[in-house]
Every structure is written in structure tokens, then in C-alpha cells.
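One-letter residues, chain by chain:
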Amino acid sequence: MEIKSIELVQFRNYEHVEIPFHQGINILVGPNGQGKTNLLEAIALLNGKGSHRDAKDGDMLGWQKDYYRIKAQGLSSQHPFQIDYLYSNEKRKKVQLNGRTLRRAYELSEAVNTVVFSPEDLALVKGSPEQRRRFVDREIGQTSPAYSDALQRYQKVITQRNALLRRLRQQEASITELELWDDQVAPLAVEVLKRRLDGIAKIAPYARQIYQALSEGKEELELTYRSSFPLHHDRSRWQNDYKKALEERRREEINRQITLTGPHRDDLQLYLNQREAKVYASQGQQRSIALSLKLAEIAFIYHFRREYPIVLLDDVMSELDPNRREQLLQYLHRRQIQVFITTTHLRAFSKERIKEMALFRVQEGRLWPTTE
Ligand SMILES: Nc1ncnc2c1ncn2[C@@H]1O[C@H](COP(=O)(O)OP(=O)(O)OP(=O)(O)O)[C@@H](O)[C@H]1O
Ligand SMILES: [Mg+2]
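Residues numbered from 1 in each chain as written. Chains lettered and ligands numbered in written order. Predicted model: local features only at pLDDT ≥ 70, side-chain atom pairs only at ≥ 80, totals over all residues. Heavy atoms only, no water.

We now examine the packing of helix α9 (residues 283-305) against helix α10 (residues 322-334). It is at 12 Å that the axes of α9 and α10 come closest, and there the two elements cross at 5°. In terms of their interaxial angle, α9 and α10 are classed as roughly parallel. On the side of α9, the interface is formed by Gly 284, Gln 285, Ser 288, Leu 291, Leu 295, Ile 298 and Ala 299, while α10 contributes Arg 324, Leu 328, Tyr 331 and Leu 332. (Axes fitted to C-alpha atoms, helices over the stretch in contact; angles between N-to-C directions. Helix = DSSP H or I, 4+ residues; strand = E, 2+ residues; numbered from the N terminus. Parallel < 35°, antiparallel > 145°, perpendicular 65-115°, else oblique. Contact = heavy atoms within 4.5 Å.)

The following block contains the structure:
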């Protein structure tokens, strides 16, 4: 998978740029605040899953502009593709793939998968359960639009259920209403759970293998899922068990006006040699785990598509020690993955490596190829 060229119009601080890319490693170099991450964000949007930094569509409008457009051409499964991604204040979003208007932007992931790696990901192990959930959701969602769909529907119902909890607290609604909602939530929650667990079961062996290779050690990485209610080995019981769990915490939920049980409260737990990594692993080990999880995401996508995603490394080079940096670059280079790396300085790269890469200078929303 590869992006051959991109054109940005009124996207963030880019008034207009059009530029061809290298099929291997592309380095975007420039001082702070010039548009490096903005460019990565535009590339990341091409998988149709929204901004990797969770910006809203409208946030990416160039200041005082009323539309932006991202056009890209590339190759996916050896077929050329064209994407036209248009957002305007008036018509919201219009996304076309090969001239066909998509009903949902995430259908773009049929053509393009992107994996973003940022310093925040390096903190995945120490971070909040929400961060780890988001990681899992992105990971599974890329290969399964059905998962993204179920998750969206689930989240919507949870939001509505929370609104109802607020009304119950003010005695403006009845328990019967809540029970009706619970009947709606349960099948969605279980669908999300099943798909998540199946996804994690597929990712885990890759993560384990990659961690072993990275650490050249005897340490064993394990991923386990912590559900907010007990999961019986018989999956057909989950819906009822979930409803029971909701019922048990009903009073507390009404008091706090939020739904306290369900996949939106779960966590991915990481263990190194059977000890929880969050608590016991060293900084370096935690970074290696995070790196392994990201590389597992790449391997997981390959497993589905027989093709590697486009990899975007935002500011991570300076966060990695030279040894891990080299391991990462080698991993990507050997597999001929198209990579975009942002950096403020080229000193993170050896002369040998730089020869194999394409360099671009980024300054004040402009972008041009360079050689030094
Ligand atoms: N919607 C927008 N319209 C116009 N400019 C924007 C918009 N959003 C952000 N910017 C500008 O884009 C610049 C930041 O770009 P970006 O985040 O890509 O920086 P960067 O090159 O990655 O810097 P760093 O090295 O600090 O990460 C800032 O100057 C910011 O003011
Ligand atoms: Mg940046």
C-alpha cells in the first residue's frame, strides 16, 4: 500500500500543496509548529477513521476558510486508487473513492490503512484504560468496519442511556424506561465484546513474538482483557449476565448518572512474565511493549490484507533510544512499508539510513523535497 501523491487545499495551515512521495521512508523535517503533524494528520485521515489526534472535522479547516480538500493517489492491492476527501461548513463531509461517493468515510479503509505512532502510544502501558481501549478499537476497527459500526451504535445508546439516568435522578423518568434501554444496550455491548476479544486473541501472538524479538530476552508478554462484568466461558450467557450486572449497580448509576458496566469501562491488561507491566515493568520494558503492540497492529493488518498499512511516526524518533530506533526502522524497511516520519532534527538518523529515504522540509505550511 502506498500513497504516490497528495494535494491539500485549505487544510489546517496548508493553503495549497501538492507533492509526490517516496514509496519507502519519507522524512518530514522542520522546526516546531510548522505543519509536520498536520501533514501526517491529512495522510492518517485517508483511512476514513477521523483525525488521529481526535480533532473534529471542522477543527481542521484552515482558519477563516469554509472548506478543505485532501486529494490522494496511490496503490492498494496493486490497484491504483484516488481519494477525494472534502469537508465544507455547508455540506459537511463528502468522501469519494475512485469517483464513487461513500456513504460512510470509514469505507475508505477498504483502500487505505494507516497506523500512527506517537509519543502518547509509547505511554500506552502506563496510560489510562481509555487510551488502551482506544488503541484496541482503532486496531480492530481498521480491519473490521462491522466492529466500528457496532461500537458506534453502542456508544450512541450509552450516551442516550446516560441522559435517561440523569432524568431518573431528577425523577423525570421511570425504571421501566431504563429496563427498555437495557434490553437495547445488552446485544450491542455483547457484540462489541465478542469482536474485541476475538481481535485481541489475534493480535496477542504477534505482540508476544515481536516483543521477544525486540528484547532478545526470555520475557513473556501477555495480553488479557478485563471486562467490567464476569465473562462466563459460555458466550450465550453474556447478554443476561450483562443485564444482571447493570441491575446490580442501578442505584449507583442513577446517583452518578453514568453507565458503569460495559465495554466502555473495560481494560486491556498487559503482563510481563505474569506481572502487570503497568506496575512492575521498567520504563524501557514499557516502551518495548508499546512498540511491540504497534508493530503487532501492523502485522495484524498484513494478516488480513496481505498488504502492509502506511505507517506514520509522529515525533517518536527522539523518544526512542538509538537501539530501538534502529530496530524499528529495520523492521519497517525490510518489509518495504511506506513510512512517514516527522522530526525536528535529522541527527536521529544515521547517514546510511538517510541515503535510503526521501527528505522533505516543512516550513510555515509549505513543503518541498530537500537533500540535506
Ligand atoms: N485549523 C487550523 N488552521 C490553520 N492553522 C492551524 C490550524 N490548526 C493548527 N494550525 C497551525 O498549525 C501549526 C501546527 O502545526 P503542526 O501541529 O503540524 O506542527 P508541527 O510541525 O508538528 O510542530 P511540532 O514539531 O511542535 O510537533 C501551528 O502553527 C498552528 O497554529
Ligand atoms: Mg507535531
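Picking up where we left off.
Residue position: Ser 51 is located in the loop between α1 (36-44) and β4 (67-76). One polar contact links Ser 51 to Glu 41, side chain to side chain, over a distance of 2.8 Å. There is a polar contact of 2.9 Å between the side chain of Ser 51 and the backbone nitrogen of Arg 53. (Polar contact = N/O pair within 3.5 Å; in protein donor to acceptor, adjacent residues only side chain to side chain.)

Looking now at helix α3 (residues 129-143). In this model α3 runs 22 Å from its N-terminal to its C-terminal C-alpha over 15 residues, within 8% of the 21 Å that 1.5 Å per residue would give. Counting buried positions along α3 gives eleven out of 15 residues, so the element sits mostly inside the fold. Among all positions in α3, only Gln 131, Arg 132, Arg 133, Phe 135, Val 136, Asp 137, Glu 139, Ile 140, Gly 141, Gln 142 and Thr 143 are buried. (Expected span 1.5 Å × (residues − 1). Buried < 20%, exposed > 50% of the residue type's maximum accessible area, 1.4 Å probe, protein only.)

This part covers the site of ligand 1. In the vicinity of ligand 1, 17 residues are found, and the nearest of them are Gly 33, Lys 36, Thr 37, Asn 38 and Leu 61. A distance of 2.9 Å is found between an oxygen atom of ligand 1 and a side-chain nitrogen or oxygen belonging to Asn 32. Contact between ligand 1 and Gly 35: an oxygen atom at 3.0 Å from a main-chain N or O atom of the residue. About the coverage of ligand 1: the protein hides 76% of its 660 Å² of free accessible area. Of the residues contributing to the shell around ligand 1, the split by class is three nonpolar, nine polar and five charged. (Near = heavy atom within 4 Å. Areas by Shrake-Rupley, 256 points an atom, 1.4 Å probe, with all protein chains shown as cover. Nonpolar A, V, L, I, M, F, W, Y, C, P; charged D, E, K, R; others polar.)

This paragraph deals with the UniProt feature "domain: AAA+ ATPase" (unreviewed entry) in the protein chain. Mapped onto the present numbering, the UniProt feature "domain: AAA+ ATPase" (unreviewed entry) falls at residues 22-364. Annotated as 46% helix and 20% strand, the span residues 22-364 places its first and last C-alpha atoms 22 Å apart. (UniProt positions renumbered as here; feature names shortened; annotations may be inferred.)

What follows covers the UniProt feature "binding site: ATP" (unreviewed entry) in the protein chain. As recorded in UniProt, the feature "binding site: ATP" (unreviewed entry) lies at Gly 30, Pro 31, Asn 32, Gly 33, Gln 34, Gly 35, Lys 36 and Thr 37. Assessed through its relative accessible area of 64%, Asn 32 is described here as exposed. With respect to the element layout, Thr 37 can be found in helix α1. The exposure class of Thr 37 is buried, given its relative accessible area of 18%. Residues within four places of Thr 37 in sequence aside, it is in contact with His 52, Arg 53, Asp 314 and Thr 342.

For the rest of this paragraph, the subject is the environment of Ala 105. Tracing the backbone shows Ala 105 in the loop between β7 (100-101) and β8 (114-117). The exposure class assigned to Ala 105 is buried, which follows from its relative accessible area of 14%. Look past the residues within four positions of Ala 105 in its chain and what remains in contact with it is Asn 47, Gly 48, Lys 93 and Val 95.

A few words now on the sheet that holds strand β12 (residues 310-314). Strand order in this open sheet of six strands is β8-β12-β13-β3-β14-β15, and the pairing throughout is mixed. The sheet terminates laterally at β8 and β15 (366-370), the two strands that pair on one side only. Recorded for the sheet is a direction-independent mean angle of 20° between the axes of neighbouring strands. Strand direction decides the pairing type here: strand β3 (residues 25-29) and strand β14 (residues 358-363), joined by four bridges, are parallel. Each residue of the ladder has a partner; that of Val 29, found in β14, is Arg 361. Lying on the sheet, α1 is in contact with β3, β8, β12, β13 (339-343), β14 and β15; it crosses β12 at an angle near 155°. Here α10 sits on the sheet in contact with β3, β12 and β13, set at roughly 160° to β12. (Pairing = 2+ DSSP bridges.)

So, about the side chain of Arg 353. In this fold, Arg 353 is placed in helix α11 (residues 351-356). At a separation of 2.9 Å, a polar atom in the side chain of Arg 353 contacts the side chain of Glu 326. Those residues in contact with Arg 353 that lie beyond four places of it in its chain are Glu 326, Leu 329, Gln 330 and His 333.

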